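Okay, here's what each chain looks like letter by letter:
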Amino acid sequence: MRSLRKGLKVSTVTTLALGLMVGCSSTNTPASNGTAAPAANTPASSSAPTKAADSGEKVTIRFTDWANNEEAKSTRISLDAFEAAHPNIKVDYQNVALAEFGAKLSAMAASKTLPDISTMLEAQALKYAESDILMDLSSYYKDGSVTPKLESNKFVTPDGKLLGYSAANEIILLHYNKNMFDEAKIPYPPAETEKAWTWDQMLDVAKKLTKDKGGKHPGEAGFDAKNIVQYGINVSHSQDFFWTPFAISNGGGEVSQDGKELLLDKPETIEAIQKIADLSNVEHVSPTAAQSSGLPGDVGQLLLSKKVAMVTSGQWELVNINPQLKNGLKNGIGVLPIFKKPATTNTGTPMVVYKSTKHPKETIELYKWLMDIEKNLANIDSGVWMPTEMSWYTDPEKIKRWTQSPVHPPEYKTAVIDYALKATYPTPWFFLPTYSRIGDVLNPGLDQVWLGTKSAKDAVAEMMPKIKPIFDSGKAN
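What you are looking at is a predicted structure, and each value in this text was computed from that prediction instead of being measured.

A. Main features of the pairing of strand 8 (residues 228–235). Among the eight residues in strand 8, seven count as buried, and that is most of the element. In this structure, strand 7 (residues 211–212) lies alongside strand 8, joined through two bridges in antiparallel fashion. Note that in strand 8 the partner of Asp212 across the bridge is Ile228. Direction of pairing for strand 8 relative to strand 9 (residues 308–314): parallel, over a ladder of four bridges.

Right, dumping it as structure tokens:
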């Protein structure tokens, strides 16, 4: 559900607003076996649900998200169908721009005007949970009300409360323009996990696809790095989940998968970060931040322009690639290059329900609907969503249904579906309360590395005295 990643950080307003709420809430009582008793799913306020919630009279519930235009259209289709199936429920759909969503949601929390249900920026989820304003949804999964989801998409607190699962699974992939490979007479990137390029193989291809205004490639005599007209690759690094697959592949990462060990200062992590930065600053096969500012906007436009041949980004980019198919783009998908082992990270926006809802019964009905893949196929067809249920990765008929739209290229089955099952490592925001606070130091701290003005080793060494105490605290706020 990440159609427009722009390196967004959780607003400081969020921390301030949540800090105020933490003082008047209790988060010290773990749910038994991670499952809330029915009473835990009542509103946080002392007022009971309104008469309409019990009598079938028409009620209005608010749903808020940050979907971009194409995704919002698909979501509206799903909501219209929900209202038709539930004539006593009207959904007030509030779509907020991604850049404003974090601050908007925290402002609503501070003014006690939160919606009934919303998507949430992933890094906010455990912050809000620590402030005790989100429902524990364990019981609805335990009793089968909601179909079981992929465990890699589960948002869970350290004491076992289930905030929910991602509305959609997403993994990081290699998107590319097949026409550019055809013109250069270069074989397409591998689409199978077991056949992934090594880092050096990827670099060799990227050099062949990078050209200056005179048609020369990096490494050739006379190559002009200041006048590059076509780049071989753009490895996204605006947020950590874009570069961590390579660190994990190399034997490092941010934290261990059980959340108990900090891995940022491991040599393997530092090496991977440096290799990515070197693509721009040493190898000249990827645009620098300054060079990127002069390139077309989203990934679809970028590939269509032939300014870049390959881009590493999320599966969700298909929603931006889709409109460019009619303009002649022939898109392809490959698995990420590796250092030592195949690895990709998965992301996914949590769908959450707020304890403050006055209509818990109707809100849960909408939650069930939005978490049902069959009810949201428009988002699958547009390319923005991947399903969150195992059957969609293993049942041939469901796979056929999932991949029938033109934006899913022929290699999608092995490059995405099989790859997701074989090589996924969840981004720590699913389980690490300190993730957002670490990111507030880590992401800006790496800016100089990406710019080439500081080594990864030095940048990480400078950040660790700040990051280590945050990690050790175990606190989201």
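B. Quick look at helix 8 (residues 199–208). The set of residues buried in helix 8 consists of Trp199, Met202, Leu203, Val205 and Ala206. The buried residues of helix 8 occupy an angular sector of 165° when the element is viewed end-on, so they sit on one face. The inward-facing, buried residues of helix 8 contact helix 7 (178–184), strand 8, helix 9 (240–249), helix 10 (267–281) and strand 9.

C. Spatial organisation of the confidence of the model for the chain. Here the chain averages 88 in pLDDT, while 88% of its residues score no lower than 70. Counting contacts from residues 1–54, a segment whose pLDDT is below 50, to residues more than four positions away or on other chains yields 124 contacts.

D. Looking closely at the pairing of strand 11 (residues 344–347). Burial along strand 11 is two-sided: Thr344 and Asn346 facing one way and Thr345 and Thr347 facing the other are all buried. Two elements, strand 11 and strand 13 (residues 424–426), share three bridges in a ladder whose sense is parallel. Each bridged residue has a counterpart across the sheet, and for Thr345 the counterpart in strand 13 is Tyr425.

E. Highlighting the packing of aromatic side chains. Counted under the stated rule, the structure contains 17 aromatic pairs. With a centroid separation of 5.6 Å and an interplanar angle of 15°, the aromatic rings of Phe63 and Tyr93 are classed as stacked. Note that Phe63 is positioned in strand 1 (residues 59–65) and Tyr93 in strand 2 (residues 89–95), a separation of 30 residues in sequence. Both residues of the pair, Phe63 and Tyr93, belong to the buried class. With centroids separated by 4.6 Å and ring planes inclined at 40°, the aromatic side chains of Phe241 and Phe242 adopt a geometry described as tilted. Members of the aromatic cluster, each reached through a chain of ring pairs, are Phe155, Phe241, Phe242, Trp316, Trp429, Phe430 and Tyr435. Across from the ring centre of Trp369, 5.0 Å away, lies the NZ or CZ of Lys375, which sits over that ring.

F. Representation of the packing of helix 19 (residues 435–445) against helix 21 (residues 456–473) within the structure. One way to put it is that helix 19 packs onto helix 21 with a least axis distance of 9 Å and a crossing angle of 175°. On the basis of the axis angle, helix 19 is roughly antiparallel to helix 21. Residues Arg437, Ile438, Val441, Leu442 and Gly445 of helix 19 lie in contact with helix 21, whose contacting residues are Ala459, Met463, Lys466, Ile467, Ile470, Phe471 and Ser473. Taken together, the residues of the contact of helix 19 with helix 21 sort by class into eight nonpolar, two polar and two charged.

G. Structural context of the sheet that holds strand 2. With mixed pairing, four strands are arranged side by side in an open sheet as 2-1-3-12. Each end of this open sheet is capped by a strand with a single partner; those strands are strand 2 and strand 12 (351–353). Sheet twist, expressed as the average angle between the axes of neighbouring strands with direction ignored, equals 20°. Docked against the sheet, helix 3 (residues 69–85) engages strand 1 and strand 2, running at close to 170° with respect to strand 2. Along the sheet face, helix 14 (residues 360–370) touches strand 1, strand 2, strand 3 (117–119) and strand 12 and points at about 45° away from the line of strand 1.

H. Region of the structure containing the environment of Gln257. Checked against the element boundaries, Gln257 lands in the loop between helix 9 and helix 10. Considering only alpha carbons, one finds Gln257 and Phe431, 174 residues apart in sequence, at a separation of 8.9 Å. Setting aside residues no more than four positions away along its own chain, Gln257 makes contact with Tyr425, Pro426 and Phe431.

I. Structural context of the pattern of salt bridges. For the structure on display, the rule yields 19 salt bridges. One network of salt bridges, in which partners are shared, links Arg76, Asp80 and Glu83.

J. Summary view of the nonpolar core. Phe63, Leu134, Trp243, Met310, Leu366 and Tyr367 are the most contacted members of the largest nonpolar core, which has 139 residues in total. Counting residues per element, this core draws most heavily on helix 21, at eight residues. When residues of this core are sorted by domain, at least three fall in each of domain 1 (59–169 + 348–388) and domain 2 (171–346 + 429–473). Aside from chain neighbours lying at most four places away, what touches Tyr367 is Ile117, Leu137, Tyr141, Val146, Gly164, Tyr165, Met351 and Val353.

K. Structural detail: helix 10. Counted at 1.5 Å a residue, the expected span for helix 10 with its 15 residues is 21 Å, and the 20 Å between its end C-alpha atoms agrees. Within helix 10, burial applies to Thr269, Ile270, Ala272, Ile273, Ile276, Ala277, Leu279 and Ser280.

L. Structural detail: unusual backbone geometry. In this model, His284 sits at a positive phi of 60°, which is unusual for a non-glycine residue. Inspection of the secondary structure assignment puts His284 in the loop between helix 10 and helix 11 (289–292). A relative accessible area of 26% means that His284 is categorised as partly exposed. A positive phi angle, near 65°, is found at Lys306, a position not held by glycine. Within the fold, Lys306 resides in the loop between helix 12 (299–305) and strand 9.

M. Representation of the packing of helix 10 against helix 21 within the structure. In the contact formed by helix 10 and helix 21, the axes pass within 9 Å of each other and the chain directions differ by 125°. The orientation of helix 10 with respect to helix 21, classified from their angle, is oblique. The handedness of the crossing between helix 10 and helix 21 is right-handed. Contacts between helix 10 and helix 21 pair Ile270, Ile273 and Gln274 from the former with Ala456, Lys457 and Val460 from the latter. When its residues are assigned to classes, the contact of helix 10 with helix 21 shows four nonpolar, one polar and one charged.

Rules used in this analysis
Along every chain, residues carry numbers that run from 1 in the direction the sequence is written. Only residues with pLDDT of at least 70 get local features here, since the model is predicted, and only at 80 or more are side-chain atom pairs given and counted; chain-wide, interface and lining totals rely on the full set of residues. Only heavy atoms go into the side-chain values, all of them from the structure, while hydrogens and water stay out. Here the term buried applies to any residue with accessible area under 20% of the maximum for its type, exposed to any over 50%, and partly exposed to those in between, with areas from a 1.4 Å probe on protein chains only. Secondary structure follows DSSP: runs of H or I at least 4 residues long count as helices, runs of E at least 2 residues long count as strands, and numbering of each begins at the N terminus. Only strands joined by at least two bridges in the DSSP assignment are considered to pair. Regarding the arc, it is the one traced by the directions from the helix axis to the C-beta atoms. Any pair of residues with heavy atoms lying within 4.5 Å of one another is described as a contacting pair. Per residue, pLDDT measures the predictor's confidence, with a range of 0 to 100. Between 30 and 60 degrees the pair is tilted, below 30 it is stacked and above 60 it is edge-to-face, where a pair is any two Phe, Tyr or Trp rings, Trp via its six-membered ring, whose centres lie within 6.5 Å. Either the NZ atom of lysine or the CZ atom of arginine qualifies as a charge over a ring when it sits within 6 Å of the ring centre and within 35 degrees of the ring normal. Every axis in this analysis is a line fitted to C-alpha atoms, fitted for helices over the stretch in contact. Angles between the N-to-C directions lie between 0 and 180 degrees. An angle below 35 degrees is read as roughly parallel, one above 145 as roughly antiparallel, one from 65 to 115 as roughly perpendicular, and any other as oblique. Residues are grouped as follows: Ala, Val, Leu, Ile, Met, Phe, Trp, Tyr, Cys and Pro are nonpolar; Asp, Glu, Lys and Arg are charged; every other residue, Gly included, is polar. Counted as salt bridges are all cases of a side-chain nitrogen of Lys or Arg within 4 Å of a carboxyl oxygen of Asp or Glu. As used in this record, nonpolar core signifies buried Ala, Val, Leu, Ile, Met, Phe, Trp, Tyr and Cys residues forming a set joined through side-chain atoms within 4.5 Å. Residue ranges for the domains originate in an automatic or database domain assignment. By this rule, a helix spans an expected 1.5 Å times one less than how many residues it contains. A clockwise turn of the near helix away from the far one marks a right-handed crossing, whereas an anticlockwise turn of less than a right angle marks a left-handed crossing.

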